[in-house]
Amino acid sequence: MAHAIADKSKLLSAANTALPVGAGRMASLALLALGGITIALTILGAVLGDDTAKKVALASFHVGFLVTLGLALGSMILVMILHQVNAGWSATIRRQLENVMSMIPVCLVFFLPVAILAPMIFHWMDPHYTDGDVVYAAKASFLNKPFFYVRAVIYFGAWLYFSQRLYRLSIGQDSDGDRWRSAKARKMSSYGLLIMALTTAFAAFDWMMSLDYHWFSTMFGVYFFAGFIGVATSLCALILIILRRAGVMEGLVTQEHLHDLGKLMFGFVVFWAYIGFSQYFLIWYGNIPEETMWFQVRRTDGWMPYSVALAFGRFVIPFVVLMARPARRNPMILATVAIWLLAFNALDLFWVVRPTVHTPDGHSIMFGWLDAVAILGPVCIFFGLLVRKIASNPVVPVNDPRMDEGIAHKNYV
Amino acid sequence: MAGLKKKSHGGTWGVLAEFESPAAVYHAAEQVRDAGYSKWDVYAPIPIHGMDEAMGLKGSKMAWIVGTFAAMGASGGFLLQWWTSAVAYPIVVNDKPFGAWEQFTPVTFELGVLFAGISAVFGMLAINGLPRWNHPLFSSERFLSASDDGFFIGIESKDAKFNSDATSKLLEKAGGFNIEMVEDQ
């Protein structure tokens, strides 16, 4: 430890904490170009296609939006937790979570087309579906158009406020070194976490659950949370591994930090499975039609292979791989699992959202090219802009008061 | 170390040396490790960070013990439920299929956790050589301070490299004092 602190000025030198000018520009441009092409293809496919194709395109674009939103919200909640518990070990990794968190405005842009075109896939907005529907009538005081949009404004207002405040506190500390900024961030995080818990749960009810507005599940808010918090951890590990390969963060982010992120990934994989199974199990056992119909669709009619793939890909396989300590300490294995989990999180959201779109005579529509481009569009743009964001700041919060602790961090078990 | 002689009641357990500070015992441990000893230990009133590497300890076997028992508990729990409610004495409950995996999951999970927990406790005790009534080191007056302010290294005579003179010299060279032979009891 004494050794690490003696070298601190060298570790925190610009050469070790700032990427060279123009780093990642090609990757960013490639991602943005791919995002632009896929969005153009999505629009083309929707405009030229029939009504069903339009719905498919919008639903899958919605999935892409939710993937990016989950990454940003998960990173923000992690930042708040790390501030709140005053986690010294995380001082050197927090900046990457902050970069992802600061992308909330991009998510808002993705949400706008979904919000405008919502009646196409949110059938409860359409009187054609809800006239004389007693289940809807009982939910109508909450699930009505004006309140839906008011809530969306509240969610995004809260998310923009917290993400931009926390981001600026951290970036500001880079230049002025004011330790009180850490205290402010910690204070904000206390009530911020409560607000995040409520807004993310209700956003999940509004934007995912209400697609099937007859359905009941009190577990769904936690299900969304359990999924995105794990992939936010995975994305952080992936970014750090790539940055280490780019030759920065030497001695700042070590195998020890990656090991701990691997533990968190493992924990959230188990947590996701626990929540997902609990939701399924209670509904399966209770056997009440307005609850089981949600799973019935996903167990029949071609969606069953997706459900099985989800159970194995999102739980069993990463669970077994991440259980081994050497796997969590190996950057290549950890990066592979991180990419794997990012992909299966997208499948998870697809599995929640897309079975609600049918052909006019009620048949399911499986994954097709239009789904692929519609999901990739927002995701590629998000990552393209994220690469720029990462390159534009020091890769660690250089003046964080807990930096010594973060540098010296080690796992003793 | 001419004053050190084997007192042959039950033979020699080994040699014990005291050290000034956590740093001193840490660096001494590195020297004992590099000298190639295997049956020895460091005694300190506080956990000393990095001591595992300084002693050259390998990872614990606990994960394998716990993992094996957890797998046994989970598979045993699943098979027991499946055999009783789908094979030996099928009863219709709530119109569910006899062999549905869903209904077996909670008990399967809990038995996995139970076996893991129990094997963790007893495996830890077994690996640490516990329970035991006494330890030869307790006969040393100085050693009592290992739970207060003393830092010690004890090397057992069972070690293949053990030689009372050479081992004592090594500890002395590494900064040890109050070096004493500890009798086996």
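All figures in this text were calculated on a predicted structure; none of them were measured in a lab.

A.B. asks: Would you explain the overall build of chain B in this entry?
C.D. replies: Counting its secondary structure elements, chain B contains five helices and four strands. Put simply, chain B runs from its N terminus to its C terminus through helices and strands in the order β-α-β-α-α-α-β-α-β. Sorting the 185 residues of chain B into buried and exposed places 32% on the buried side. As displayed, chain B has an accessible area near 11300 Å², and 62% of this comes from carbon and sulfur atoms.

A.B. asks: What is the right way to read the interface of chain B and chain A from this model?
C.D. replies: Often, the extent of an interface is quoted as the loss of accessible area upon association of its parts. Of the residues lining the interface, 13 residues belong to chain B; the matching set on chain A comes to nine residues. Where chain B abuts chain A, roughly 990 Å² becomes buried across the two surfaces, and 65% of that area is made up of carbon and sulfur atoms. Put simply, chain B and chain A have two salt bridges between them. Linking Glu53 of chain B and Lys410 of chain A is a salt bridge whose minimum nitrogen-to-oxygen distance equals 4.0 Å. Between chain B and chain A we count four residue pairs in polar contact (both at pLDDT 80 or more) in total. When contributions to the side of chain B that touches chain A are tallied by element, the ones reaching two or more residues are α2 (51-55) and α4 (101-127) of chain B. Ranked by residue count, the leading element in the side of chain B that touches chain A is α4 of chain B, at five residues. The residue makeup of the side of chain B that touches chain A, split by class, is four nonpolar, five polar and four charged.

A.B. asks: Would you take a moment to explain helix α11 (residues 180-207) of chain A for this structure?
C.D. replies: Given 3.6 residues to a turn, an α-helix orients residues that are three or four positions apart in the same direction. Over its 28 residues, α11 of chain A runs 38 Å from end to end, which matches the ideal 40 Å to within 8%, given 1.5 Å per residue. The axis of α11 of chain A is deflected most strongly, by about 35°, at Tyr191 of chain A.

A.B. asks: Just to check I follow, could you spell out the sheet that holds strand β1 (residues 12-19) of chain B for this structure?
C.D. replies: Strands pair in a sheet through their backbones, by hydrogen bonds, and they do so in one of two ways: parallel or antiparallel. All names here are of chain B. With antiparallel pairing, four strands are arranged side by side in an open sheet as β2-β3-β1-β4. The strands lining the two open edges of the sheet, one partner per strand, are β2 (40-43) and β4 (177-183). Here the strands of the sheet are splayed against their neighbours by 20° on average, with no regard to which way each runs. Along the sheet face, helix α1 (residues 22-34) touches β1, β2 and β3 (151-156) and points at about 20° away from the line of β3.

A.B. asks: Could you clarify how one ought to interpret the domain arrangement of chain B in this entry?
C.D. replies: The domain architecture assigned to chain B consists of domain 1 (5-57 + 134-183) and domain 2 (62-128). A separation of 44 Å is found between the C-alpha centroids of domain 1 of chain B and domain 2 of chain B.

A.B. asks: When you look at a nonpolar patch on the surface in this model, what are you seeing that I'm missing?
C.D. replies: Residues and elements named next belong to chain A. A grouping of Ile37, Leu41, Ile43, Leu44, Val47, Leu48 and Trp369 is seen on the molecular surface, where their side chains present a nonpolar patch of about 760 Å² in accessible area. Residue contributions to the nonpolar patch peak at six residues, all from helix α4 (residues 25-48). Relative to the helices and strands, Leu41 is located in helix α4.

A.B. asks: Quick question: what am I supposed to make of the state of the cysteines here?
C.D. replies: Linking two cysteines covalently through their sulfur atoms gives a disulfide. All names here are of chain A. For the structure shown, the criterion picks out zero disulfides over all chains. Between Cys107, a free cysteine, and Cys380, which holds the nearest cysteine sulfur, the sulfur-to-sulfur gap is 14 Å. Here Cys236 stays unpaired: no disulfide links it, and the sulfur of Cys107, its closest cysteine neighbor, is 17 Å away. Of the residues examined, Cys236 reaches a relative accessible area of 1% and is grouped as buried.

A.B. asks: Explain the nonpolar core to me, please; I cannot follow it from the model alone.
C.D. replies: Grouped burial of nonpolar side chains is what soluble globular proteins tend to show. Ranked by size, the top nonpolar core spans 136 residues in total, and within it Trp159 and Trp207 of chain A carry the most contacts. Ranked by residue count, the leading element in this core is helix α5 (residues 51-84) of chain A, at 20 residues. What Trp207 of chain A contacts, discounting residues up to four positions off in sequence, is His62, Phe65, Leu69, Phe111, Phe122, Phe148, Ala152, Tyr155, Phe156 and Trp159 of chain A. Among the nonpolar cores identified, the runner-up in size contains 23 residues, and Phe19, Ala29, Met55 and Ile155 of chain B belong to it.

A.B. asks: Quick question: what am I supposed to make of empty space enclosed by the protein here?
C.D. replies: Rolled over the atoms, a probe as big as a water molecule pinpoints where empty space is left. Residues and elements named next belong to chain A. The full count for this structure, using the stated rule, is two cavities of 30 Å³ or more. Here the largest cavity is characterised by a volume of approximately 60 Å³. Along its surface, the largest cavity is lined by Leu66, Val67, Gly70, Met208, Tyr223, Phe224, Gly227, Phe228, Asn345, Asp348 and Leu349. Elements with a minimum of two residues in the lining of the largest cavity: α5, α12 (220-245) and α17 (331-353). Examining the composition of the lining of the largest cavity, we find that four residues originate from one element, α12, more than from any other. Forming the boundary of the second largest cavity are His83, Arg94, Leu166, Leu169, Ser170, Gln173, Arg181, Ser182, Ala185, Asp400 and Arg402. At the level of elements, α10 (145-176) and α11 are the ones that each hand at least two residues to the lining of the second largest cavity. It is α10 that provides the largest number of residues to the lining of the second largest cavity, a total of four residues.

Conventions and cut-offs
Residues numbered from 1 in each chain as written. Chains lettered and ligands numbered in written order. Predicted model: local features only at pLDDT ≥ 70, side-chain atom pairs only at ≥ 80, totals over all residues. Heavy atoms only, no water. Helix = DSSP H or I, 4+ residues; strand = E, 2+ residues; numbered from the N terminus. Buried < 20%, exposed > 50% of the residue type's maximum accessible area, 1.4 Å probe, protein only. Areas by Shrake-Rupley, 256 points an atom, 1.4 Å probe, with all protein chains shown as cover. Contact = heavy atoms within 4.5 Å. Buried area = accessible area lost by both parts, 1.4 Å probe. Salt bridge = Lys/Arg side-chain N within 4 Å of Asp/Glu carboxyl O. Polar contact = N/O pair within 3.5 Å; in protein donor to acceptor, adjacent residues only side chain to side chain. Nonpolar A, V, L, I, M, F, W, Y, C, P; charged D, E, K, R; others polar. Expected span 1.5 Å × (residues − 1). Bend = angle between axes of the 7 residues up to and from the residue. Pairing = 2+ DSSP bridges. Axes fitted to C-alpha atoms, helices over the stretch in contact; angles between N-to-C directions. Domains from an automatic or database assignment. Patch = residues over 30% accessible without salt bridge, like charges linked within 9 Å, V, L, I, M, F, W, Y side chains within 5 Å. Disulfide = S-S within 2.5 Å. Core = buried A, V, L, I, M, F, W, Y, C linked by side-chain atoms within 4.5 Å. 1 Å grid on protein atoms, 1.4 Å probe; cavity = no way out; pocket = protein on both sides within 12 Å on 5 of 7 lines; lining within 4 Å. Points joined across faces, edges and corners; volume = space filled by probe spheres on them.

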